Every structure is written in structure tokens, then in C-alpha cells.
Amino acid sequence: MPQLRSRTTTHGRNMAGARGLWRATGMTDADFGKPIIAIANSFTQFVPGHVHLKDLGQLVAGEVVAAGGVAKEFNTIAVDDGIAMGHAGMLYSLPSREVIADAVEYMVNAHCADALVCISNCDKITPGMLMAALRLNIPTVFVSGGPMEAGKAPVHGEIRSVDLIDAMVAAADDRVSDAEVEALEQNACPTCGSCSGMFTANSMNCLVEALGLGLPGNGTVLATHADRKALFLRAGRTAVEIAKRWYEQDDASVLPRNIATFEGFENAIALDIAMGGSTNTVLHLLAAAYEGGLDFTMADIDRMSRRVPHLCKVAPSSATVHIEDVHRAGGIMGILGELDRAGLLHRDVPTVHAPTIGAAVDRWDITRANDADIAEFYAAAPGGVRTTQAFSQASRYTSLDRDRVGGIIRNKENAFSQDGGLAVLYGNLAVDGCIVKTAGVDPAALTFTGKARVFESQDDAVSAILGNRVAAGDVVLIRYEGPRGGPGMQEMLYPTSYLKSKGLGKVCALVTDGRFSGGSSGLSIGHISPEAAEGGTIGLVEEGDRIVIDIPNRSIHLDVETVELDRRRDAMKAKGAKAWKPVARDRKVSGALKAYAYFATSASRGAVRDTSGI
Ligand SMILES: CC(C)(O)[C@@H](O)C(=O)O
Ligand SMILES: [Mg+2]
């Protein structure tokens, strides 16, 4: 039987000092010997996805105490990618993931906590906490802050659901009037919660649900809805329950590494491919697998992408479908239900809330469960009132979307496509692979050949697009924006959005060693590995080179003779200390970011820090 980790600080004469300090935090004799549950809360007033979390750590804490545990809350940082986007702030976004993972490790290990509740939400917070959970491997439950309601605004005279990407695209489109842009800005983000499409935050929270570390509904119950309160309460109780199962009953099935197994990761990526999630999920799953000591690679993602169909099309791949609509169609359990029927779900993987994910799907999939409570759960609807308050409304739809033929969630037979919403491409331009969200690519652009337009920063590419210096047929190639080269692997949401603003969204490709927002769509190919700063071929591309993209055959090819590429490589090497660095780029990089860059690996390894050389 494993001993409580917290005994190190709560038992024995020589811990009198530590106990004295614990007492000063409010603990009493009766508490020593109970599991200490760390509550990692990512509350901040900077981010709408986190603005409503202030009191929710204590909500969880109350349930922890009632269930027989000791609750100790601490906070992490959270970066709002949407606010950090398009300027030097974005350099901090991806590295903040490691800061969060480290912060959770530091607090849990420094104080010898026994178990963990992760209150996460936006892009880097869920992955950072997931990495920490797999690193620490103590009983852990995730509960996210929940998605934002979609906005409602007039688009071309018609009121429809909108999100921040609509506002961003319209803002740079000269054909849209100031009044319409203003209306979009006013209405795009009506409530607290993570942005309303299948962007990075929601994708990750859905994946955590599929992994079995979050509760059913974790990915799709709106932040404003009263039903999410029950998830927070249950997360507190579950943390104590699984802590007791591990420390009192020796039940290792509750540990993160026994839940997020190789099969668990296959389930998560299958969901991702089926719902056309953000390409960032690839980066974060690879990083989480690394922390969990699993050999789960791009090759596994490539393999899965060829067998899993695309079952659910959400913003940005669909203009009007948002997470609230996925919830009404049965949420993540509904999509997993269809994967299960297609033989694409490993049913036997344990979860924190049910003996197996298969048992959970049998209970929660609205097409097989005949349960009024579950039908009521998935009827949770947006309230349509501007608010920053969690659980402030309890609206319900009068019916569910159970249509698996033409509805929001399709069965395999009626899938949007038989090969899924994400693809890994290989070729001389990406020897270690790159990623494209096929769900968001116009079918006519699945094969594309164009002329390279080379930019050594996101900013230069943006100026060229806005300055009408990019034309139909161009491949906008943005390099030295990888994990090491940026550093920090910026999201290219502005270039992809501005291509759309200029009417070039379907007639240009964008290729980069940087990454994309979950809000990016179009022929946007990112994570080119190895990155330019690591000596990747992308660093050798010259203006006007032909690039051939063939998604059905999973290839990306720089159409330049090998002899010529060898010549360019030799010339690059001859530059000595200036080799594999951007030319004429004036970018200030802080010491904190340099520390990340020093250890950062390419995207094909999840952009984790490699400290093996130390
Ligand atoms: C701002 C967004 C849309 O949240 C973006 O950061 C993403 O990655 O999805
Ligand atoms: Mg993001």
C-alpha cells in the first residue's frame, strides 16, 4: 500500500515545524493523516476563459473537505492567446505551458500533496496541467472553466452565431462596413468561458474528457450554465475518492499514467480527428505523452488520421456551429459513441469517473442511453445574457439533436469525410512531419502547387498580405517562427485571417514552422519539422521556389533539385554563427524566453524542453 505522500510533512517528531506551519494554514490534529488534495486554480482577470474561476477553487475545496480530504488551493498563470496574438506577446504563449506544468510540479512536490484537482480552461493551461499530472502521476481530476456562449450578430444582414474570429476577419476586410465590424466586436464574445468554437482550449478540454481524466461534459457544458457547478462539486468528491482508492486500497487504475495510456492517447487523438480539433492538440498530446513516458509519436497520429472519419464540423470549419451545438447533439460522449460503433474506441481504458470509457459511453451516449437525466444534461443551452458569472443561467433546449445522418454529429456512414479532420504530411520540406487541419481546407485546395513567398517573421507576412503583395497561387512561407526560432512558436491567426479578409483564403497556402490558432482554417500547414532554426529544409527555401502540397497522398515537396539544395545547405553552413538564423530581423527576446529556446525541441516532439543533455 503506498503511503500518503503528505506523511513526509505531517508525521514524526522532526516535522513539528512543518506541522506548526500547516496548523497556521488552518489544519488541526484531525487533518493530519487525511489526503491533501492540491487544487490548481488558473483564475485570472486577464482571460475570459478564467475570469469566473475566482471562487471555484473554494467550491471544490468544500467538497474535498466534506469527502474527508484536506484542500489546499494555489494558482497558476494563464495567457490569453487572443489578446497576446499578433504582437511580441505571442512569443510567451507556448512557453507558458511549461511554466504552468512546472508551477504545478513545484507546488505539489514542494508540499508533498497526495492528489490534484486541475481547474483549467484556455489554450496552454489544460496542456500544462496535463503534462504536470502525467509527470507527477498522482490521482488527478480535471475540471475546466467551460466554453463561452457563441455571440449573435448581423453578418451580411442576417443574424447568426459568431465568435472572435469573425470579428478579426471582418476587421481587415474593406468590404465590411465599420458598423458591422463594431457589431461583431460588441457581440463576438458575450460571456465568460473559453472561445466558443472548436478552437484550442475547447479542443483540449474535449480531449481530456475522452482521455478519462475529466468528467462527462467537461468539454462542452457552457461556463455560464448551472450544470457546470455540478461538475466542479463532483471533481472535488472524485479527487478524494480516487486518492483513497490509491492510498488505502492500492488501486493503481486511478493514476494518470494508467488512464492516459497509449490506448487512452489513441482514443483522444481519434476524437480530435473526428471533430477536426485545433492542430495545437497534436503538439500538446505529444508533449503530454513525453511527460507520461509514452512512445506516442507523429507516426501514430498519421496512422490514426487515415482510419478515423470526420464526424463533426464546428467553427472555424463551419461558420455557424459552436460548442453549445455539439453539446446539444450529445457532446463528446456522443462523438465517442459513434467512434465506438465504428470500432474505433478502446473501450477498456479506465477513467476517473467510470470503470472504463466504454462503460461511460454506454451510460452517456444519448443515442443509446434511455435516461431522462442524461437527456436533460445535454439540453443545457446558452442563456443569451452578457455575463462574467459562472453558473448564472439554467436555460434548456426543448429538444436534442439526435440526427446522426445530417446533424451536428454524424455516424461513420454519413461522415463529412472518411479520412479525418487532421493530417500529417511528410516530404523534403518536412522530413519529421508537419500538420494540417483538413477539416478546414476547401476540397478544391487539397492538392495545391504554388510559388513560395518567403517571410522571416509573422509580422513581415502580415504586412505583405495587408499591403496586397500576396496574390492567388502564392504559398506564404513563414519561417524562424518555430519553438526555438521564434522562440515560442507563435500562432499565425492574423496571417490566416487576413488571407481570408483579402479573399485569398481558398487560393493561397500558408506554410510555417510556427503553429496556428484553433481559429485558423484554410490550407494552413504548420509545425514544419525540423524547424528552420534547427537546420530544417524550410530554412533553404528561396523566393519563387515551387512547393507541391498533396494532402490525399500526405506529402509536401519543395520542387528544387537535391544538388541545388545541397549547395544552399553548404552556403548556409558557411555563414557560421549566422547560419540558421533569420536575416534582418530585429526582435527582442528576453532572458526568460531564451531559457525556453535553449532547450526547446521541434514541434514533432511536442516542442517540449529536452534536458537530457544536462
Ligand atoms: C484565440 C484562440 C482562438 O483561442 C486561439 O488561441 C486558439 O488557439 O484557438
Ligand atoms: Mg491558441
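Analysis parameters
- Residues numbered from 1 in each chain as written.
- Chains lettered and ligands numbered in written order.
- Predicted model: local features only at pLDDT ≥ 70, side-chain atom pairs only at ≥ 80, totals over all residues.
- Heavy atoms only, no water.
- UniProt positions renumbered as here; feature names shortened; annotations may be inferred.
- Helix = DSSP H or I, 4+ residues; strand = E, 2+ residues; numbered from the N terminus.
- Near = heavy atom within 4 Å.
- Polar contact = N/O pair within 3.5 Å; in protein donor to acceptor, adjacent residues only side chain to side chain.
- Areas by Shrake-Rupley, 256 points an atom, 1.4 Å probe, with all protein chains shown as cover.
- Nonpolar A, V, L, I, M, F, W, Y, C, P; charged D, E, K, R; others polar.
- Contact = heavy atoms within 4.5 Å.
- Buried < 20%, exposed > 50% of the residue type's maximum accessible area, 1.4 Å probe, protein only.
- Salt bridge = Lys/Arg side-chain N within 4 Å of Asp/Glu carboxyl O.

**A short note on the UniProt feature "domain: Dihydroxy-acid/6-phosphogluconate dehydratase C-terminal" (unreviewed entry) in the protein**
Okay, so step 1: With numbering aligned to this structure, UniProt lists the feature "domain: Dihydroxy-acid/6-phosphogluconate dehydratase C-terminal" (unreviewed entry) at residues 408-607.
Okay, so step 2: Along residues 408-607 one finds 20% helix and 22% strand; the C-alpha atoms at either end are 33 Å apart.

**Section: the site of ligand 1**
Okay, so step 1: Lining the immediate environment of ligand 1, one finds Asp-81, Gly-82, Asp-123, Phe-199, Thr-200, Asn-280, Glu-491, Ser-517, Gly-518 and Gly-519.
Okay, so step 2: Glu-491 is positioned with one of its side-chain polar atoms (N or O) 3.0 Å from an oxygen atom of ligand 1.
Okay, so step 3: Between ligand 1 and Ser-517 there is a distance of 3.4 Å, counted from an oxygen atom to a side-chain nitrogen or oxygen.
Okay, so step 4: Contact with the protein chains hides 96% of the accessible area of ligand 1, taken as 260 Å² for the molecule alone.
Okay, so step 5: Partitioning the shell around ligand 1 into residue classes produces one nonpolar, six polar and three charged.

**Remarks on the UniProt feature "binding site: Mg(2+)" (unreviewed entry) in the protein**
Okay, so step 1: UniProt's entry tags Asp-81, Asp-123, Lys-124 and Glu-491 with the feature "binding site: Mg(2+)" (unreviewed entry), counted in the numbering of this structure. Maximum C-alpha separation among the annotated residues is 12.2 Å over a sequence range of 411 residues, consistent with a single clustered spot.
Okay, so step 2: Position of Lys-124 relative to the elements: it lies in the loop between strand 3 (115-120) and helix 6 (125-136).
Okay, so step 3: Non-local contacts of Lys-124, meaning those with residues more than four positions away in its chain, are made with Asp-81, Ser-93, Leu-94, Ser-96, Arg-97, Ile-100, His-284, Glu-491 and Arg-515.
Okay, so step 4: Here the side chain of Lys-124 touches Asp-81 through a polar contact of 2.8 Å, side chain to side chain.
Okay, so step 5: Within the element layout of this structure, Glu-491 appears in the loop between strand 10 (474-478) and helix 20 (493-501).
Okay, so step 6: With a relative accessible area of 1%, Glu-491 lands in the buried category.
Okay, so step 7: Excluding anything up to four places from it in sequence, Glu-491 contacts Asp-81, Met-85, Met-90, Asp-123, Lys-124, Thr-200, Asn-280, Gln-458, Arg-515, Phe-516 and Ser-517.
Okay, so step 8: A distance of 3.0 Å separates polar atoms of two side chains, one belonging to Glu-491 and the other to Asn-280.

**Observations concerning the pattern of salt bridges**
Okay, so step 1: Scanning the model with the defined rule gives 42 salt bridges in all.
Okay, so step 2: The closest approach of N and O atoms between Asp-559 and Arg-546, which form a salt bridge, is 3.0 Å. One end of the pair, Asp-559, is in the loop between strand 14 (555-558) and helix 21 (562-573); the other, Arg-546, is in strand 13 (residues 546-550), and 13 residues separate them in sequence.
Okay, so step 3: If you follow the salt bridges from partner to partner, you end up with Glu-338, Asp-340, Arg-341, Arg-347, Asp-362, Asp-365, Arg-368 and Arg-404 in one network.

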